[in-house]
Amino acid sequence: MTLKTLEAIQASAGTGKTFTLAQRVVEEVANDVSIGRIVVVTFTIAATAELKSRVRERLRDASAGLRARSRDEPWKAPDKVLAAWVASAPPEAEERLHRAVVDFDEAGISTIHSFCSRLLASCALEAGVSLGEDTGSRGTDIARQVVDDAYRRLTTSQSPVFVQALEGMGLDRPALTTLARRAAELEAALVPANAVEPGTPPDISVYQDAVARALAVNGNAFLDFLIRHPDLCHRKGSGASVSFGKTNSKDPFWRVRRWLDSASLLSPVPEDAERFTDATVALATLAARTPPSHPFLDAMEVILPLRATLGPQLQAWATRQRRWLVEQVQQAIGDESRRRDERSFDDLLRLVRDASDRAEVQAAVAERWDLALLDEFQDTDPVQWDVFRKLFGPRRLVVVGDPKQSIYAFRRADIHAYQRALGQAQSIATLGDNYRSDERLLDAIKALFAGHEPFAMPGLAFKGPDAIYKENRLGDERAPLFIRHIEREGSPVKDDFLDSWELEDPCVERVAEDVARELIDHGATPDQCAVLTRTNP
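Our subject in this report is the structure included herewith.

Cut-offs used in this document
- Residues numbered from 1 in each chain as written.
- Predicted model: local features only at pLDDT ≥ 70, side-chain atom pairs only at ≥ 80, totals over all residues.
- Heavy atoms only, no water.
- Helix = DSSP H or I, 4+ residues; strand = E, 2+ residues; numbered from the N terminus.
- Buried < 20%, exposed > 50% of the residue type's maximum accessible area, 1.4 Å probe, protein only.
- Areas by Shrake-Rupley, 256 points an atom, 1.4 Å probe, with all protein chains shown as cover.
- Pairing = 2+ DSSP bridges.
- Axes fitted to C-alpha atoms, helices over the stretch in contact; angles between N-to-C directions.
- Salt bridge = Lys/Arg side-chain N within 4 Å of Asp/Glu carboxyl O.
- Phe/Tyr/Trp six-rings, centres within 6.5 Å; stacked < 30°, edge-to-face > 60°.
- Lys NZ or Arg CZ within 6 Å of the ring centre and 35° of its normal.

1. Some remarks on the overall build of the protein
Point 1. The secondary structure content of the protein amounts to 20 helices and 12 strands.
Point 2. Within the protein, the proportion of its 537 residues that are buried is 41%.
Point 3. Carbon and sulfur atoms provide 52% of the accessible area of the protein, an area that totals close to 29900 Å².

Rendered as structure tokens:
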């Protein structure tokens, strides 16, 4: 679909995004677009309440300014932008703004899901849907029940080794629960088309028996067997290409033993495993001697070939199992919704997306609304973008966002949809002034992100806004930005990476010390301090 009029406004944090949206509504109303014919959409209830309050206040201020101008009365503008606009607004704008203030309850400022509900309620006949009660939480309950049934089916009559192996296959209860919750969402990444039943898992009984025989061997006795056997080479250069000395046998054996004891059918096979096979022992056998045999070696001769074939088979079965779970969750949710005539939030989006292709629905939208302003556009997912692209693309659509603040990929937010939309925009404006931070801090942040691709995405560069506040308002001459660097040497390392779990307490202590120093040494007050964390405590 060709977007007739798509405007994009790029707004970094602190550049007056909400201010700009409110001013845009004022200007549209002044141009004879009634307040009820404007859709303003954002993503949370709290953001909706804030936006609605700001728009109402802006309309009132503009209306008061126009009334004062026409009566030649004194009026104090809240800011320079509105003062300049009131001075140049056409005379007819006064009545239009007054009417918008009076009719403000008709303003379409809401969340996306609220907009979809309102659209379906007003266009149910054109959309071909029946009205029903909306529910947003039932999908989670249904997903949990499907997981309980699936896990019970997976583990019934299975050995402890197999149940433990489910974790390595992503089929343990926590992994299934996460997958089911994603499946309960619209168009999750793993949704298949007509997934086939997974069938029964591969038979691992022979593998299990061989592992049990290997683990039944006394490890120290086996090592002594290798190190002292008269027919085996025990040091290099003694007539065989492989040796079984004490130093090169003990640690490799125990690594293999721990691998076997983990009962994981999908964990990587240790490089040392091939060392304890009949083939390797034969290479270590002295000339004219007969390679010795041992129950551990016999077991490994069974384990390694089976492991090579069972691994791919189990992976394929696990993939079928996950796809089957996704389909079962979605089918159960659909059946329950139809039975109760209910809709989840994602049901609403899907229904509106599908209905937006209908000429009757597009005509109904055109009759009711002239313009849509889509806030926080960087967090829009493909389905939400489809809804507004189809419904308002033929008319006027304004998107406002900041790709640097796209943090909701786990909710299916698609930064690529943002970039594609910008490529279709007829105009792109950037709010270039920051009204929140001092120049020193903004310069430091620009230096931190300059010179490379900080967001690991081609075409998404960092160009910070300019500061309105040139002075140092805190009067603090310290550097505006500090970076804590943890030296690798002396720090806890796990699997070749810094162990974040072990570093948690020291990091918390450092942050507490920094906050205390601000309060005690630099005269900060508690309300001037903020600590951001990745998760809630």
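2. Here we look at the sheet that holds strand 2 (residues 38-42)
Point 1. In spatial order, the strands read 3-2-6-7-1-8; together these six strands make up an open sheet with parallel pairing. The sheet is open, and its two borders are formed by strand 3 (108-111) and strand 8 (427-431), each paired with just one other strand. Direction aside, the axes of adjacent strands within the sheet are offset by 15 degrees on average.
Point 2. Note: strand 1 (residues 6-11) against strand 7 (residues 396-401), five bridges, orientation parallel. Residue pairing across strands places Ala8 opposite Val399, the latter belonging to strand 7.

3. Side note on the environment of Pro90
Point 1. As for its position among the elements, Pro90 is in the loop between helix 3 (80-88) and helix 4 (93-102).
Point 2. In this structure the C-alpha to C-alpha distance between Pro90 and Asn31, which are 59 residues apart in sequence, comes to 8.9 Å.

4. Comments concerning the pattern of salt bridges
Point 1. One pass over the structure, following the stated rule, counts 22 salt bridges.
Point 2. As a salt-bridge pair, Arg289 and Asp231 come within 3.0 Å of each other at their nearest N and O atoms. You can see Arg289 sitting in the loop between helix 13 (278-284) and helix 14 (295-340) and its partner Asp231 sitting in the loop between helix 11 (219-228) and helix 12 (250-261), a full 58 residues away along the chain.
Point 3. Asp357 is paired through a salt bridge with Lys390; the nearest N and O atoms lie 3.2 Å apart. With Asp357 in the loop between helix 15 (345-355) and helix 16 (359-368) and Lys390 in helix 17 (residues 382-392), the pair connects residues that are 33 residues apart, well separated along the chain.
Point 4. The class for Lys390 is buried, based on a relative accessible area of 10%.
Point 5. Counted as one network, the salt bridges with shared partners bring together Glu7, Arg24, Glu28 and Arg396.

5. Re the packing of aromatic side chains
Point 1. Within the structure shown, the criterion is met by 15 aromatic pairs.
Point 2. Taken together, a centroid distance of 5.4 Å and an interplanar angle of 45 degrees make the contact between Phe222 and Phe253 tilted. Separated by 31 residues along the polypeptide, Phe222 in helix 11 and Phe253 in helix 12 bring together distant segments of the chain.
Point 3. Overall, the relative accessible area of 0% leaves Phe222 in the buried class.
Point 4. Given a relative accessible area of 0%, Phe253 falls into the buried group.
Point 5. With a centroid separation of 6.5 Å and 50 degrees between ring planes, the pair formed by Trp369 and Phe392 is classed as tilted. Note that Trp369 is positioned in the loop between helix 16 and strand 6 (371-374) and Phe392 in helix 17, a separation of 23 residues in sequence. Comparing Trp369 with Phe392, the two get one shared label, buried.
Point 6. Each member of the aromatic cluster is reached from another via a ring pair, and the members are Phe222, Phe225, Phe244, Phe253, Trp254, Phe276 and Phe296.
Point 7. The ring of Phe244 has Arg275 lying over it, and the distance from NZ or CZ to the ring centre is 4.5 Å.
Point 8. For Arg473, the ring lying beneath its charged end belongs to Tyr469, and the centroid distance is 3.7 Å.

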